[in-house]
Amino acid sequence: MLKIGFVGWRGMVGSVLIQRMIEENDFNYIEPIFFSTTKFGQICPIFGTNIQDAYDINKLKKLNVIITCQGGDYTDRVYNSLRASGWKGYWVDSSSKLRMDRNSIIVLDPININVIEQSLYFGIKNFIGGNCTVSLMLLSLGGLFKHNLIEWINSMTYQAASGAGSKHMIELLNQMRILGNIVNNKNHAKSILEIDSKITKYMSKLPIKNFGAPLAGSLIPWIDKKIDNGQTKEEWKGNVETNKILGFYPNTIKIDGICVRIGAMRCHSQAFIIKLKKDIPINEIESILKEHNPWVKVIKNDINYSLKKLTPAAVTGTMSIPIGRIRKLSMGKKYISAFTVGDQLLWGAAEPIRRMLKILVMS
């Protein structure tokens, strides 16, 4: 059995990864060894083994594969030293630190299994999880990408608090609690304008240590740092990571848009305007989408179906990636709209990593 080291398994993404591996019986085929940057020497609650020091290069060197959900700072501190020590194993990382490295492959096997298999043949050792919205976009539109039907995409993302981290999720809940307490049972007889005025005054008092601005009852039209062309880095990733995952040259398919943080907990949503390379009937587009992979679900462009199946509330905690609101746009027959939702912690983060490990075990 391969010796697999897990780092960051107690965090949000790591916990979802471990849960999925238990559900799929993945631990039956590996020898897991658990590492921590702070809790080493204690007993692992999952298997009852000793937790190892995640900074111990000598212990890390003995592993066939390292799965890290610890974050970019850990990768920055450990990776180069580990490789310099002569380690030849596989590095599977959920952080963005090595994503665009020329010796790394961004993994999303339902979309780029051919790229992954080719890279294994040529001896590539670094396999990195992609940006969550990019992965969810590719899975939802996989059929159109497979048939080379997309000329460009304008993607407007509505991203959940979980994409920023667990502290941000707690901050959102605290903001919701404060605003919710303002509207109590005694408020029902008051004018809604009076209640709204009171809430507006409290918005400036909400805890914003992590987000930098109120999210409950509002939104944040900025995610990540600014780059030279006026995009945020999160918006930049849509184009560069998509083309790398597909094995294309940069900018082969143009993708751009605006990334917005909303008050959902763990599901990212995206609205697309897509220019196709040719005019295709809507029913054919829907067939192409739903036949690509077993997780994408085409939702009828109807109010009842949309409200029931095309929301973060409906999708949270599931592997499904529904896509709906598919229609032709008035600007031309090659233009369509679509709207999709996916769980940021599952297909957006943990699942591509889990499936890459399975590929390594089976190879």
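What counts, and at which threshold
Residues numbered from 1 in each chain as written. Predicted model: local features only at pLDDT ≥ 70, side-chain atom pairs only at ≥ 80, totals over all residues. Heavy atoms only, no water. UniProt positions renumbered as here; feature names shortened; annotations may be inferred. Helix = DSSP H or I, 4+ residues; strand = E, 2+ residues; numbered from the N terminus. Rg over C-alpha atoms; globule rule 2.2 N^0.38 Å. Areas by Shrake-Rupley, 256 points an atom, 1.4 Å probe, with all protein chains shown as cover. Lys, Arg positive; Asp, Glu negative; His and termini not counted. Charge placed at Lys NZ, Arg CZ, Asp CG, Glu CD. Phe/Tyr/Trp six-rings, centres within 6.5 Å; stacked < 30°, edge-to-face > 60°. Buried < 20%, exposed > 50% of the residue type's maximum accessible area, 1.4 Å probe, protein only. Contact = heavy atoms within 4.5 Å. Salt bridge = Lys/Arg side-chain N within 4 Å of Asp/Glu carboxyl O. Pairing = 2+ DSSP bridges. Axes fitted to C-alpha atoms, helices over the stretch in contact; angles between N-to-C directions. Arc of directions from axis to C-beta.

- Under an unreviewed UniProt entry, the name given to the chain is Aspartate-semialdehyde dehydrogenase, and the organism recorded is Candidatus Portiera aleyrodidarum.
- Looking at the chain in UniProt, the text filed under Sequence similarities (unreviewed entry) is "Belongs to the aspartate-semialdehyde dehydrogenase family."
- Per UniProt, the chain carries the Subunit (unreviewed entry) text "Homodimer."

### What about the overall build of the chain?
- Along the chain, the regular secondary structure elements total 13 helices and 13 strands.
- The C-alpha radius of gyration computed for the chain amounts to 22 Å, which stays within 12% of the reference 21 Å derived for 363 residues, consistent with globular compactness.
- Dimensions of the chain, computed from the C-alpha atoms along their principal axes, are close to 65 × 55 × 40 Å.
- Put simply, the chain shows about 17800 Å² of open surface, and 52% of that area lies on carbon and sulfur atoms.
- Positive and negative side-chain charges in the chain, numbering 47 and 29 respectively, have mean positions lying 2 Å apart.

### Overview of the packing of aromatic side chains
- This structure, assessed with the given rule, holds 15 aromatic pairs.
- Plain terms: the ring middles of W9 and F34 are 5.1 Å apart, the flat faces sit at 65° to each other, and that makes the pair edge-to-face. Of the two residues, W9 sits in the loop between strand 1 (2-7) and helix 1 (12-23) while F34 sits in strand 2 (residues 30-36), which places them 25 residues apart along the sequence.
- A relative accessible area of 5% means that W9 is categorised as buried.
- Take F34: its relative accessible area is 0%, and that puts it in the buried class.
- Ring pairing ties together the aromatic residues F6, W9, F27, F34 and F47, which thus form one cluster.

### Focus on the environment of L206
- Along the chain, the position of L206 falls in the loop between helix 8 (192-203) and helix 9 (233-245).
- The class for L206 is buried, based on a relative accessible area of 5%.
- Distance in space between the C-alpha atoms of L206 and M176 is 9.2 Å, their sequence separation being 30 residues.
- With residues up to four places along the chain from it excluded, the contact list for L206 reads Q175, I178, L179, P214 and A216.

### Examining the UniProt feature "active site" (unreviewed entry) in the chain
- The feature "active site" (unreviewed entry), as given by UniProt, occupies C132 and H268 in the numbering adopted here. The largest pairwise C-alpha distance within this set of annotated residues, which runs over 137 residues, is 8.2 Å, so the set is compact in three dimensions.
- For C132, the position within the fold is in helix 5 (residues 132-140).
- Once residues lying within four places of it in the same chain are set aside, the contact partners of C132 are H268, Q344 and G348.
- Structurally, H268 can be placed in strand 10 (residues 267-276).

### Some words on the pattern of salt bridges
- On inspection of all chains with the given rule, the structure shows 13 salt bridges.
- Salt-bridge contacts for R99 lead to E241; the nearest nitrogen and oxygen are separated by 3.0 Å. Highlighted residues: R99 in the loop between strand 5 (90-93) and strand 6 (104-107) and E241 in helix 9, separated in sequence by 142 residues.
- We classify R99 as buried; its relative accessible area is 7%.

### Describing the sheet that holds strand 13 (residues 332-343)
- If you trace the six strands from one edge of the open sheet to the other, you get 9-8-10-13-12-11, paired in mixed fashion. Each end of this open sheet is capped by a strand with a single partner; those strands are strand 9 (254-261) and strand 11 (296-298). With direction set aside, neighbouring strand axes in the sheet form an average angle of 20°.
- Direction of pairing for strand 11 relative to strand 12 (residues 321-329): parallel, over a ladder of three bridges. Along strand 12, the bridge assignment pairs V298 with I323.

### A closer look at the sheet that holds strand 6
- Taken together, seven strands build an open sheet; the order of strands is 3-2-1-4-5-7-6 and the sheet is parallel. Looking at which strands have only one partner, the edges of the open sheet turn out to be strand 3 (52-53) and strand 6.
- Taken together, the four bridges between strand 4 (residues 65-68) and strand 5 define a ladder with parallel strand orientation. Each bridged residue has a counterpart across the sheet, and for T68 the counterpart in strand 5 is D93.

### Regarding helix 10 (residues 282-290)
- Of the positions making up helix 10, those classed as buried are I285, I288 and L289. End-on, the buried residues of helix 10 take up no more than an arc of 100°, which puts them together on one face.
- Tucked into the core, helix 10 has its buried residues touching helix 5, helix 6 (142-146), strand 10, strand 11, strand 12 and strand 13.

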